[in-house]
Protein chains: 2
Amino acid sequence: MPEPLLDLLWRDRAAAPVSRRRGPKARHSTTDVVTLAIDLAVEGGIGAVTIRALAQKLELTPMSVYTHVNSRDDLLVLMADQAHGSMTPTPFGRSTWRTRVRRVADDNLALLREHPWLLDLDDPRTALGPGTIAKYDRELHAFDGTSLDDVSRDAALTFVLDFTRATAARIVVRPETGEFSELWEQSVAGLAAYLGDDLPLAQRVGRAAGEAMGGPYDAERAWEFGLARVLAGLADLAGLRDAPPAAE
Amino acid sequence: MPEPLLDLLWRDRAAAPVSRRRGPKARHSTTDVVTLAIDLAVEGGIGAVTIRALAQKLELTPMSVYTHVNSRDDLLVLMADQAHGSMTPTPFGRSTWRTRVRRVADDNLALLREHPWLLDLDDPRTALGPGTIAKYDRELHAFDGTSLDDVSRDAALTFVLDFTRATAARIVVRPETGEFSELWEQSVAGLAAYLGDDLPLAQRVGRAAGEAMGGPYDAERAWEFGLARVLAGLADLAGLRDAPPAAE
DNA sequence: ATAAATCTCTGTACGTTGTACAGTTCAATG
DNA sequence: CATTGAACTGTACAACGTACAGAGATTTAT
């Protein structure tokens, strides 16, 4: 049986990879398995990550996958941590907290663009992995130089990342789902018949927002709108000043 | 075969419920089916909403459920719309946009407390239903009296609801998932061994936030923190003034 | 050298899921 | 009274995660 999830997550930093293990050596490393699983997820969404499909990619039988991973849920956590660890963060340099928060948001959007399947994954155990923790540490440093206490710093980062994730979910097209515009065109006629002249505000605003949604600039506009709100909201927070961090 | 999803969603407002249909009358109304499905979801999470379990509640065979609903995915959309329609919104009265936005957020939190399964549902077709559209209309009115244009009004509401949903997901305990504290206690020892003295910021802040997370007041504090950020962020928006709405 | 231990990998099989398909029964309509 | 169409049912299939019992390989203990 494979090691517990925590040890698999930290397999590279493992203290004792010495003494060769007994039995035949594995045909694939854990990282291989996780990498191929991520490939599947990128191509076909998280639903495409099946034990059987992964086994085929590895040229193993389905059950042999369980030699490397305890369960599909564990595999998803390993994938998420590896994706988090693979980020190439924009360095903060000597910037203010505003531009640093912006970079955190942008980097996360880039991550979710590359790995849309992360949007469909919500396992708290991801927080146990080295990639995720390193990401957490790095992003917390965006608030260096401010006088936020620890709990507020965590809350502020959470606030930024929640926005990022929610907005990314609207921007990024997941490979398995169809375009929203199809649904819109297909339903707008019948919907209008039911709505008639009711709820004029919803109809007017919905139409305006719906039409803009198709446009090429809208995704970026929605992103900018929200990010500006996030920054303004944080700026109002006691403990945030516009000074670059000195030494923390 | 049942009617298409759009017609099922608007079944109550349907124009022609006249002329009795042929064949035996249905043992259950669509609303019955959806209501029982919601019961299942409230009790056991969205994963407990299986065709077979629902059939049992209805005293039907599994396949008979498809007389009322075209697919499980359609059923989930019907459930979401019914839940949205069942909200008892706090009236806005003569308040400022700030308190109205607060009410929108609070009402949505209440909704998600009552129906945590909504957090695990993300189907754009929900937007086609009368309950969802009525909710949208009502919540858009929170910005009456401001000079936001239509697109910004939609974006502002989206911003509020995204925050609400993300924070609710952290506050509300879904019936099927275990408590986070269990995971924490179970892993903290091994994790500390791997971490050593690395990433001190993440360790310190994570510990502070993690300890607070258990406490009884933390959920509300996180909610208040975020909501205050949301309101401050929106206040910074051109077009928002603190005047109560006059006539819109 | 031999035996024991323990690893990788496999084949079979089970339970659960959504649902396609071919009916059967029943009430309203021609 | 025959026809039509709706409600309902039984059987069946494909896909899923994975439990379990073993086969073979390789290191360690004797």
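About the cut-offs
Residues numbered from 1 in each chain as written. Chains lettered and ligands numbered in written order. Predicted model: local features only at pLDDT ≥ 70, side-chain atom pairs only at ≥ 80, totals over all residues. Heavy atoms only, no water. Near = heavy atom within 4 Å. Polar contact = N/O pair within 3.5 Å; in protein donor to acceptor, adjacent residues only side chain to side chain. Nonpolar A, V, L, I, M, F, W, Y, C, P; charged D, E, K, R; others polar. Least-squares fit on C-alpha atoms with pLDDT ≥ 70 in both. Contact = heavy atoms within 4.5 Å. Helix = DSSP H or I, 4+ residues; strand = E, 2+ residues; numbered from the N terminus. Buried < 20%, exposed > 50% of the residue type's maximum accessible area, 1.4 Å probe, protein only. Axes fitted to C-alpha atoms, helices over the stretch in contact; angles between N-to-C directions. Parallel < 35°, antiparallel > 145°, perpendicular 65-115°, else oblique. Phe/Tyr/Trp six-rings, centres within 6.5 Å; stacked < 30°, edge-to-face > 60°. Lys NZ or Arg CZ within 6 Å of the ring centre and 35° of its normal. 1 Å grid on protein atoms, 1.4 Å probe; cavity = no way out; pocket = protein on both sides within 12 Å on 5 of 7 lines; lining within 4 Å. Points joined across faces, edges and corners; volume = space filled by probe spheres on them. Salt bridge = Lys/Arg side-chain N within 4 Å of Asp/Glu carboxyl O. Domains from an automatic or database assignment. Buried area = accessible area lost by both parts, 1.4 Å probe. UniProt positions renumbered as here; feature names shortened; annotations may be inferred. Expected span 1.5 Å × (residues − 1). Arc of directions from axis to C-beta.

1. Section: the protein's contact with DNA strand D
Then step 1. Residues in contact with DNA strand D amount to 26 residues; listed here are only the nearest, R52 and R72 of chain A together with R27, M63 and S64 of chain B.
Then step 2. In the interface set of DNA strand D, defined as its atoms within 4 Å of the protein, sugar plus phosphate atoms amount to 63%.
Then step 3. A distance of 3.5 Å separates a base nitrogen of DNA strand D from a polar backbone atom of G23 of chain B.
Then step 4. Taking T61 of chain B, its main chain carries an N or O atom lying 3.1 Å from a phosphate oxygen of DNA strand D.
Then step 5. For the surface near DNA strand D, the class distribution of residues is nine nonpolar, eight polar and nine charged.

2. Description of the relation of the copies chain A and chain B
In summary, the two copies of the chain are related to each other by a rotation about an axis coupled with a shift along it.
Then step 1. With an RMSD of 0.0 Å, the fit of chain A onto chain B corresponds to turning through 180 degrees and sliding 0.0 Å along the axis. In symmetry terms, the pair is related by a two-fold rotation axis. The position closest to the rotation axis in chain A is occupied by the C-alpha of G233 of chain A, lying 1.9 Å away.
Then step 2. A high fraction, 100%, of the interface residues of chain A reappear at the interface in chain B, so the copies pair face to face through one surface.

3. Some remarks on unusual backbone geometry
All names here are of chain A.
Then step 1. Its identity as a non-glycine residue notwithstanding, E59 has a phi of 60 degrees, on the positive side.
Then step 2. You can see E59 is positioned in the loop between α3 (51-58) and α4 (62-65).
Then step 3. The exposed category is assigned to E59, whose relative accessible area is 68%.

4. Some details on the protein's contact with DNA strand C
Then step 1. The full set close to DNA strand C counts 25 residues, and P24, R27, M63 and S64 of chain A together with R52 of chain B are the nearest of them.
Then step 2. The contact atoms of DNA strand C, taken as those within 4 Å of the protein, divide so that sugar and phosphate hold 67%.
Then step 3. Separating a base nitrogen of DNA strand C from a side-chain N or O atom of R52 of chain B is a distance of 2.8 Å.
Then step 4. Going through the elements one at a time, α4 of chain A together with α3 (51-58) of chain B are the ones with two or more residues in the surface near DNA strand C.

5. A few points about the packing of helix α8 (residues 150-171) of chain A against helix α11 (residues 218-235) of chain A
Residues and elements named next belong to chain A.
Then step 1. Close contact between α8 and α11 brings their axes to 10 Å; oriented N to C, the two are set at 170 degrees. Classed by the angle they form, the pair α8 and α11 counts as roughly antiparallel. Touching A156, F159, V160, F163, T164, T167 and I171 of α8 are A219, W223, G226, L227, V230 and L234, all from α11.
Then step 2. Taken together, the residues that form the contact of α8 with α11 break down as 10 nonpolar, three polar and no charged.

6. A closer look at the packing of aromatic side chains
Then step 1. Counted under the stated rule, the structure contains eight aromatic pairs over all chains.
Then step 2. Members of the aromatic cluster, each reached through a chain of ring pairs, are F159 of chain A together with F163 and W223 of chain B.
Then step 3. Seen from the ring of F225 of chain A, R229 of chain A lies directly overhead, with NZ or CZ sitting 5.3 Å from the centre.

7. Some thoughts on empty space enclosed by the protein
Then step 1. Summed over the entire model, instances satisfying the criterion amount to two cavities of 30 Å³ or more.
Then step 2. By volume, the largest cavity is sized at about 60 Å³.
Then step 3. Taken together, F159, D162, F163 and V230 of chain A together with F159, D162 and F163 of chain B make up the lining of the largest cavity.
Then step 4. When contributions to the lining of the largest cavity are tallied by element, the ones reaching two or more residues are α8 of chain A together with α8 (150-171) of chain B.
Then step 5. Its residues assigned to classes, the lining of the largest cavity comprises five nonpolar, no polar and two charged.
Then step 6. Of the voids in this model, the second largest cavity is the one considered here, and its volume is about 40 Å³.
Then step 7. Taken together, M87, P89, F92, R103, V104, D107, N108, R138 and E139 of chain B form the lining of the second largest cavity.
Then step 8. Of all the secondary-structure elements, those providing two or more residues to the lining of the second largest cavity are α6 (97-114) and α7 (130-140) of chain B.

8. Observations regarding the side chain of H28 of chain A
Residue and element names in this part refer to chain A.
Then step 1. Here H28 is to be found in the loop between α1 (5-9) and α2 (30-44).
Then step 2. Among the residues examined, H28 registers a relative accessible area of 17% and is labelled buried.
Then step 3. Among the polar contacts listed, one links the side chain of H28 to the backbone oxygen of L58, at a separation of 2.8 Å.
Then step 4. Sequence-distant contacts of H28, that is, excluding residues within four places in its chain, are made with V33, L58, L60 and H68.

9. Thoughts on the pattern of salt bridges
Residue and element names in this part refer to chain A.
Then step 1. All chains considered together, the criterion is met by 22 salt bridges over all chains.
Then step 2. With its nearest N and O atoms 3.3 Å apart, the salt bridge here joins K135 to E139. On the criterion of helical spacing, the pair formed by K135 and E139 is a turn pair, its members being four residues apart in helix α7 (residues 130-140). Here K135 matches E139 in class, with each residue buried.

10. Thoughts on the domain arrangement of chain A
Residues and elements named next belong to chain A.
Then step 1. Each domain of chain A was delimited in the assignment, giving domain 1 (5-85) and domain 2 (97-235).
Then step 2. Summarising the inter-unit geometry, the C-alpha centres of domain 1 and domain 2 are found 29 Å apart.
Then step 3. Counting residues at the interface gives 22 residues for domain 1 and 20 residues for domain 2.
Then step 4. Counting each side, the surface lost to burial between domain 1 and domain 2 is near 1,800 Å², with a carbon and sulfur contribution of 71%.
Then step 5. Linking domain 1 with domain 2 are one salt bridge, by the criterion used here.
Then step 6. Counting across the domain 1 and domain 2 interface gives five residue pairs in polar contact (both at pLDDT 80 or more).

11. Thoughts on the UniProt feature "domain: HTH tetR-type" (unreviewed entry) in chain A
Then step 1. This chain's UniProt record puts "domain: HTH tetR-type" (unreviewed entry) on residues 27-87 of chain A.
Then step 2. Secondary structure across residues 27-87 of chain A comprises 67% helix and 0% strand; the distance between its end C-alpha atoms is 27 Å.

12. Overview of the UniProt feature "DNA-binding region" (unreviewed entry) in chain A
Then step 1. Within this structure's numbering, the places UniProt gives as "DNA-binding region" (unreviewed entry) are residues 50-69 of chain A.
Then step 2. Structurally, residues 50-69 of chain A is divided into 60% helix and 0% strand, and its ends, taken at the C-alpha atoms, are 13 Å apart.

13. Topic: helix α11 (residues 218-235) of chain B
Then step 1. Across its 18 residues, α11 of chain B extends 25 Å between first and last C-alpha, which sits within 8% of the 26 Å expected from 1.5 Å per residue.
Then step 2. For α11 of chain B, the set of buried residues is D218, W223, F225, G226, L227, R229, V230, L231, A232, G233 and L234 of chain B.

14. Re α3 of chain A
All names here are of chain A.
Then step 1. Every buried residue belonging to α3 is among I51, L54, A55 and L58, and all of these are buried. For α3, the buried positions fall inside an angular range of 105 degrees around the axis, keeping them on one side. Opposite the packed face of α3, turned more than 90 degrees from it, sit the exposed residues R52 and Q56.
Then step 2. Its buried side turned inward, α3 meets α2, α4 and α5 (72-85).
Then step 3. A positive backbone phi angle near 60 degrees is found at E59, which sits one or two residues after α3.

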